[in-house]
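A look at the structure
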Amino acid sequence: MMKRWFQFFKHKAYDFRWAILSGILVGTSYIPFPPWALIFCYTPLWLTVTDDKTDVKRAFWAGWITQFILTLIGFHWIAYTAHEFGEIPWSLSVIALLLFCAFMHLYIPLSTALSVWLRRKFSLSATQTLFVIALIHSLAERLWPAIFEWHLGYPLLWAKIPIYHWADVVGFQGLSTLVLIFNAWIAFIWKNQNQVKKALFHLGSLVVLTIALIISGSYHNQAWNQFDAEVRATVIQANIGNTEKVAAEQGRGFQEYITRRFTTLSQEAFAKYPDTEIFVWPETAFPDYLDQHLLGRKHTNILAENMTLIGRPMLLGAYSKDPKTDIKLDQSTYNALFLVDAQGNSLDKPYRKTELLAFGEYLPFSEEFPFLLKLLPFISNFGRGHGPRVLKWQHGSDIVKWGGQICYEGLYPTFTRGLEENGADILVNVTNDSWFGYPFEPRQHLYMTLARAIEVRRPLIRSTNTGISTAILANGDVQQKSPVHEEWAGEFVIKYLKNAPSTAYVQWGYRTWILITLALVAILITGAINARSRRP
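Residues numbered from 1 in each chain as written. Predicted model: local features only at pLDDT ≥ 70, side-chain atom pairs only at ≥ 80, totals over all residues. Heavy atoms only, no water.

If you tally the helices and strands in the protein chain, you get 19 helices and eleven strands. Against the compact-globule benchmark of 24 Å for 536 residues, the protein chain has a radius of gyration of 25 Å, which places it among compact chains. The C-alpha extent of the protein chain, read off along each of the three principal axes, is 85 × 60 × 40 Å. In the protein chain, which comprises 536 residues, the proportion classed as buried is 56%. Taking all contacts inside the protein chain whose residues are at least 6 apart in sequence as the whole, residues at least 24 apart take part in 72%. (Helix = DSSP H or I, 4+ residues; strand = E, 2+ residues; numbered from the N terminus. Rg over C-alpha atoms; globule rule 2.2 N^0.38 Å. Buried < 20%, exposed > 50% of the residue type's maximum accessible area, 1.4 Å probe, protein only. Contact = heavy atoms within 4.5 Å.)

If you want it as structure tokens, here you go:
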């Protein structure tokens, strides 16, 4: 029996060898790996599904194998998160990871299967089908619902390849589309390798275009080297453990310990950086409510007593709650970003997190069906804010507008575009990556967040509980980065341009999906016309 199963899997592994290869290439080209196979990682898969013998079913399973393997490589930290955050046994956490790998990126096999179906429906050539796959894949990765959105545009920033500077025109999703088209182009060249002149011409054209994009990206960036204002901000990374965080959130101790840990680190940092103008603490760093109507509580008093000695304002994550007007009404707790003075007095209304984490901060469909909360009372149910919005801070004679992002709100281009449209001068992302292990997720989350600064050309400060904390300027210069899982404090001189212009991406570049759709339709129409002209 075992021998029979071994032979079966051996046969299937050989049968889908190119799909397996693509999964490995994609998985090992994403952060934190160097993007060594970025422009040809999907090529083996797409070559095999455009074979004349491949039907829709086989195309789907080939794509499914690719997405399973790349997900297992790039996002294996899901198992750690399930164990650490969900307190699930390791055996069940591994099962959760396998289920995640099986279903989370189904848009990849759906794209290959749909493309093969369209090839037969519209009599497309193999070349046309390759580019149809790239375009459908690009559209699908924008539409597919995912907790942790990713694509092949981000590794360009991670590897500091200057092409990423064009993200202020087409966004990182647009750059991902470019990478996918390059994959299709490489596949086309491979298919035509027997026609040496043709293959060499296209290979040379691809190389020249790549070099042109790199050089032009470097020059394009020069326009964002202009600054006329600056803020000195110190980030505090207290490295609070998960046990302490959970206990404090549930009111079971550690609140005073955490508060004093942050205030002590802030005092030590101020002694080292006396020119600091504002402190930035991470998501839910203050383990209590910080609303104006709730000041005077034990922990807000500890905060005020210690920070008054410094006399500097703070941007910090804390909990928020509406004033009680009716004891019969349920009052939601919010995950919020506060801008307060040294005594804890609000300098602007807090920003309350809008994009909540499913199952971590809310139960899906519970807003429409409240009875679900009674069935699953152990799942947190935070209130939902009304972002994006900015916090205004009087800085000398100027007003600095902080564009607040809490945790993975920094992954959504639409959210950050809204902050820019609301006049944000500086973006600030506060987060807690302690649930995800190291080194994959902290680096992935970091660069996916820093990418927003390039799209809207606004500097961004990132303050985390356990790392990686850093800052990036509008020109793409990444400042010092904190170590991971260590206490740390660092000062950043955030240079920015007051009343900076909107980028092309904010104005119209986010609509590249329209061009992709038009290109897809054009290929399908061309294929149908050519097929008709070939009929006797």
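As a further point, take a nonpolar patch on the surface. On the surface, Val196, Leu200, Leu203, Val207, Ile211, Ile215 and Tyr219 cluster together into a nonpolar patch covering about 680 Å² of accessible area. Along the chain, Ile215 falls in helix α11 (residues 196-220). We classify Ile215 as partly exposed; its relative accessible area is 46%. (Patch = residues over 30% accessible without salt bridge, like charges linked within 9 Å, V, L, I, M, F, W, Y side chains within 5 Å. Areas by Shrake-Rupley, 256 points an atom, 1.4 Å probe, with all protein chains shown as cover. Salt bridge = Lys/Arg side-chain N within 4 Å of Asp/Glu carboxyl O.)

What follows concerns the packing of aromatic side chains. All told, the structure shown has 25 aromatic pairs when counted by the stated rule. Here the aromatic rings of Trp77 and Phe436 are separated by 5.4 Å at their centres, their planes lie at 90°, and the arrangement is edge-to-face. One end of the pair, Trp77, is in helix α5 (residues 77-84); the other, Phe436, is in the loop between β8 (426-431) and α17 (440-456), and 359 residues separate them in sequence. In this structure Phe436 comes out as buried when scored by relative accessible area, which is 15%. Of the aromatic side chains, those joined through ring pairs into one cluster are Tyr30, Phe75, Trp77, Phe148, Trp150 and Phe436. Geometry around Phe16 places Arg58 over its ring, the cationic atom sitting 4.8 Å from the centre. The lysine or arginine in question, Arg352, covers the ring of Tyr334, its NZ or CZ lying 3.9 Å from the ring centre. (Phe/Tyr/Trp six-rings, centres within 6.5 Å; stacked < 30°, edge-to-face > 60°. Lys NZ or Arg CZ within 6 Å of the ring centre and 35° of its normal.)

Within the open sheet, the six strands sit side by side as β5-β4-β3-β2-β1-β11. Their pairing is mixed. Edge positions in the sheet fall to β5 (351-352) and β11 (488-496), since each of these pairs with one other strand and no more. Contacts from helix α13 (residues 255-272) reach β1 (229-237), β2 (278-280) and β11 within the one sheet, and its direction differs from that of β1 by about 135°. (Pairing = 2+ DSSP bridges. Axes fitted to C-alpha atoms, helices over the stretch in contact; angles between N-to-C directions.)

All told, the structure shown has four cavities of 30 Å³ or more when counted by the stated rule. Across the lining of the largest cavity, the residue classes tally to eight nonpolar, three polar and two charged. In terms of lining residues, the second largest cavity is bounded by Trp224, Gln226, Phe227, Asp425, Arg457, Arg458, Pro459, Ala474, Lys495, Tyr496, Leu497 and Ala500. The residue inventory of the lining of the second largest cavity, partitioned by class, reads seven nonpolar, one polar and four charged. (1 Å grid on protein atoms, 1.4 Å probe; cavity = no way out; pocket = protein on both sides within 12 Å on 5 of 7 lines; lining within 4 Å. Points joined across faces, edges and corners; volume = space filled by probe spheres on them. Nonpolar A, V, L, I, M, F, W, Y, C, P; charged D, E, K, R; others polar.)

We now examine the nonpolar core. By size, the foremost hydrophobic cluster in this structure holds 110 residues, and its most contacted members are Tyr42, Trp46, Trp150, Phe172, Leu315 and Trp402. No other element matches the twelve residues that helix α10 (residues 167-191) contributes to this core. Once you skip the residues sitting within four places of it in the chain, Leu315 turns out to touch Ile278, Phe279, Val280, Trp281, Leu337, Phe338, Leu339, Leu391, Trp402 and Val428. Formed by 24 residues, the second largest nonpolar core is a distinct cluster that contains Ala269, Phe279, Leu290 and Leu316. (Core = buried A, V, L, I, M, F, W, Y, C linked by side-chain atoms within 4.5 Å.)

Between helix α8 (residues 126-143) and α10, the least distance of the axes is 9 Å, while the angle of their chain directions is 160°. Taken together, the axis directions place α8 and α10 in an arrangement best described as roughly antiparallel. Our pair here, α8 against α10, has a crossing hand that is right-handed. Taken together, the residues of α10 that come into contact with α8 (itself represented by Ala126, Thr127, Leu130, Phe131, Ala134, Leu135, His137, Ser138, Glu141 and Arg142) are Gln173, Gly174, Ser176, Thr177, Leu180, Ile181, Ala184, Trp185, Ala187, Phe188 and Lys191. (Parallel < 35°, antiparallel > 145°, perpendicular 65-115°, else oblique. Left-handed = near helix turned anticlockwise from the far one by under 90°.)

Cis geometry marks the peptide bond from Ile31 to Pro32; its omega dihedral reads 15°. Mapped onto the elements, Pro32 comes out in the loop between α2 (17-27) and α3 (43-49). Here the residue pair Gly467 and Ile468 is connected by a cis peptide bond, since its omega of 15° sits within 30 degrees of zero. A positive phi angle is found at Thr284, which is not glycine, with a value near 45°. Looking at where Thr284 falls in the secondary structure, it is placed in the loop between β2 and α14 (298-307). Residue classification places Thr284 among the buried positions, given a relative accessible area of 11%.

Pairing is mixed across the open sheet formed by five strands, whose spatial order is β6-β7-β8-β9-β10. The open sheet has two edge strands with one neighbour each: β6 (390-395) and β10 (470-472). Each strand of the sheet is rotated relative to its neighbour by a mean of 25°, with strand direction disregarded. In this structure, strand β7 (residues 398-406) lies alongside β8, joined through five bridges in parallel fashion. Looking across to β8, one finds that Gly403 is bridged to Leu427. Helix α16 (residues 413-421) rests against β6, β7 and β8 of the sheet, and its axis sits at about 165° to β7.

Before going further, it helps to spend a moment on α17. The first and last C-alpha atoms of α17 sit 26 Å apart over 17 residues, in line with the 24 Å expected at 1.5 Å per residue. Of all 17 residues making up α17, 16 are buried, and the element is well covered by its neighbours. Immediately beyond the C-terminal end of α17, within one or two residues, lies Arg457, with a positive phi of roughly 55°. (Expected span 1.5 Å × (residues − 1).)

Mapped onto the elements, Ser22 comes out in helix α2. Expressed as a C-alpha distance, the spacing of Ser22 and Leu524, which sit 502 residues apart in the sequence, is 26 Å. Setting aside residues no more than four positions away along its own chain, Ser22 makes contact with Cys41, Tyr42, Thr43, Pro44, Leu45 and Thr66. A distance of 2.8 Å separates the side chain of Ser22 from the backbone oxygen of Cys41, its partner in a polar contact. (Polar contact = N/O pair within 3.5 Å; in protein donor to acceptor, adjacent residues only side chain to side chain.)

This part is about the side chain of Thr263. Residue position: Thr263 is located in helix α13. Other than its neighbours up to four places away in sequence, Thr263 contacts Trp281, Leu303, Asn306 and Met307.

Burial of strand β3 (residues 314-321) is extensive: eight of the eight residues sit out of reach of the surface. Running through α14, the crossover from β2 to the neighbouring parallel element β3 is right-handed. For β3 and strand β4 (residues 333-340), the ladder comprises eight bridges, and the chain directions are antiparallel. Across the sheet, residue Leu316 finds its bridge partner in β4, namely Phe338. (Right-handed = clockwise from strand over helix to strand, strands pointing away.)

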